Amino acid sequence: MSQQFDELINSFIDNNVGIAGNFLSASLSENLQQNIYSLQKGEQMKYAGIGNEAIAEATQKMRGDKIYWLDKKNNNVHEQKFLDRVENFIDHLNKTCYTGINDYEFHYAVYEQGSAYKKHKDQFKTDNKRKYSLICYLNNGWKPADGGELLIYQNEKIQTISPNAQKAVFFKSDEMDHEVLTANKPRMSITGWLKRS
């Protein structure tokens, strides 16, 4: 288990952007996909706004994804397994890097065909509790023609990351400008933040 954690942390130390190709098991990734399909069928995925609760703007044109927040109270066994994995990663991160992370929040994110998310940072202007962004992808057989890549801007360089199933991406929330290119077919992930209060 710690091999994927170390891969994510070591690549972050090397490049300020951590990537682990198999952060999620194939079965967990598949089951989380099925959760999204069930949420879509029940019309529970809602268009995301921008900003925190105090300044959220639901009619914005900055982003086009639909989201649903994960919560242990949802009593979903696959969400529980995912959040357990996150907690284990936080424990490993705190022990090896002394980050002091003590909270987190995650949501499912679905970009329907033709949707994107313009260049932005993940930290609110009025709240700096988000320290690290962690994105886990759920897209089987994703191809370059499918679009939807994550672009991360760093030192006048652009890193392009494909949203393949099981992959995780990890970076500092207040430092990295990033965007999601237009998806040419539905694109699924779990996106969240490791927080320090």
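The sections below set out a description of the structure shown in this document. Everything numeric in this text was worked out from a predicted model, so none of it was measured.

1. Quick notes on the sheet that holds strand E10 (residues 177-180)
Working step 1: Strand order in the open sheet made by the 4 strands is E5-E10-E7-E8, with antiparallel pairing throughout. Edge positions in the open sheet fall to strand E5 (117-120) and strand E8 (157-161), since each of these has one partner strand only. Averaged over all neighbouring strand pairs, the angle between strand axes comes to 15°, with direction disregarded.
Working step 2: Note: strand E7 (residues 150-154) against E8, 5 bridges, orientation antiparallel. If you follow Ile152 over to E8, its bridge partner there is Gln159.

2. Brief notes about the sheet that holds strand E2 (residues 46-47)
Strand pairs in the sheet, formed through backbone hydrogen bonds, run parallel or antiparallel to each other.
Working step 1: Strand order in this open sheet of 7 strands is E1-E9-E6-E11-E4-E3-E2, and the pairing throughout is antiparallel. Here the strands that pair on one side only, and so sit at the sheet edges, are strand E1 (18-20) and E2.
Working step 2: Where strand E4 (residues 103-111) lies against strand E11 (residues 187-195), 9 bridges are found, and the strand directions are antiparallel. Bridge pairing in E11 links Ala109 to Ser189.
Working step 3: Contacts between helix H1 (residues 2-15) and the sheet are confined to E1, strand E6 (130-137) and strand E9 (168-172), with E1 contributing the most and set at about 150° to the helix.
Working step 4: Here helix H2 (residues 26-41) sits on the sheet in contact with strand E3 (66-69), E4, E6 and E11, set at roughly 65° to E4.

3. Quick look at the pairing of E4
Working step 1: Where E3 and E4 come together, 4 bridges link them in antiparallel fashion. Along E4, the bridge assignment pairs Ile67 with Ala109.

4. Section: the packing of aromatic side chains
Working step 1: Taken as a whole and assessed by the stated rule, the structure comprises 10 aromatic pairs.
Working step 2: Centre to centre, the rings of Phe82 and Phe106 are 5.4 Å apart; their planes meet at 80°, and the pair counts as edge-to-face. In this pair, Phe82 sits in helix H3 (residues 77-97) while Phe106 sits in strand E4, placing the two residues 24 residues apart along the sequence. In this pair, the class of Phe82 matches that of Phe106, namely buried.
Working step 3: Here the aromatic rings of Tyr104 and Phe106 are separated by 6.0 Å at their centres, their planes lie at 55°, and the arrangement is tilted.
Working step 4: Taken together, the ring pairs in this structure connect Phe5, Phe12, Phe23, Phe89, Tyr132 and Phe170 into an aromatic cluster.

5. Details of H3
Working step 1: The terminal C-alpha atoms of H3, which comprises 21 residues, lie 30 Å apart, in line with the 30 Å expected from a rise of 1.5 Å per residue.
Working step 2: Taken together, the buried positions of H3 are occupied by His78, Glu79, Phe82, Leu83, Arg85, Val86, Phe89, Ile90, His92, Leu93 and Asn94.
Working step 3: Phi for Tyr98, located one or two positions after H3, is positive at around 55°.

6. Some remarks on the nonpolar core
Working step 1: Among the nonpolar cores identified, the biggest contains 32 residues, and Phe23, Phe82, Phe89, Leu134, Phe170 and Leu194 are the most heavily contacted of them.
Working step 2: Listing elements by their share of this core, those giving two or more residues are H1, H2, H3, E4, E6, E9 and E11.
Working step 3: By residue number, the principal contributor to this core is H3, which donates 6 residues.

Rules used throughout
Residues numbered from 1 in each chain as written. Predicted model: local features only at pLDDT ≥ 70, side-chain atom pairs only at ≥ 80, totals over all residues. Heavy atoms only, no water. Pairing = 2+ DSSP bridges. Helix = DSSP H or I, 4+ residues; strand = E, 2+ residues; numbered from the N terminus. Axes fitted to C-alpha atoms, helices over the stretch in contact; angles between N-to-C directions. Contact = heavy atoms within 4.5 Å. Phe/Tyr/Trp six-rings, centres within 6.5 Å; stacked < 30°, edge-to-face > 60°. Buried < 20%, exposed > 50% of the residue type's maximum accessible area, 1.4 Å probe, protein only. Expected span 1.5 Å × (residues − 1). Core = buried A, V, L, I, M, F, W, Y, C linked by side-chain atoms within 4.5 Å.

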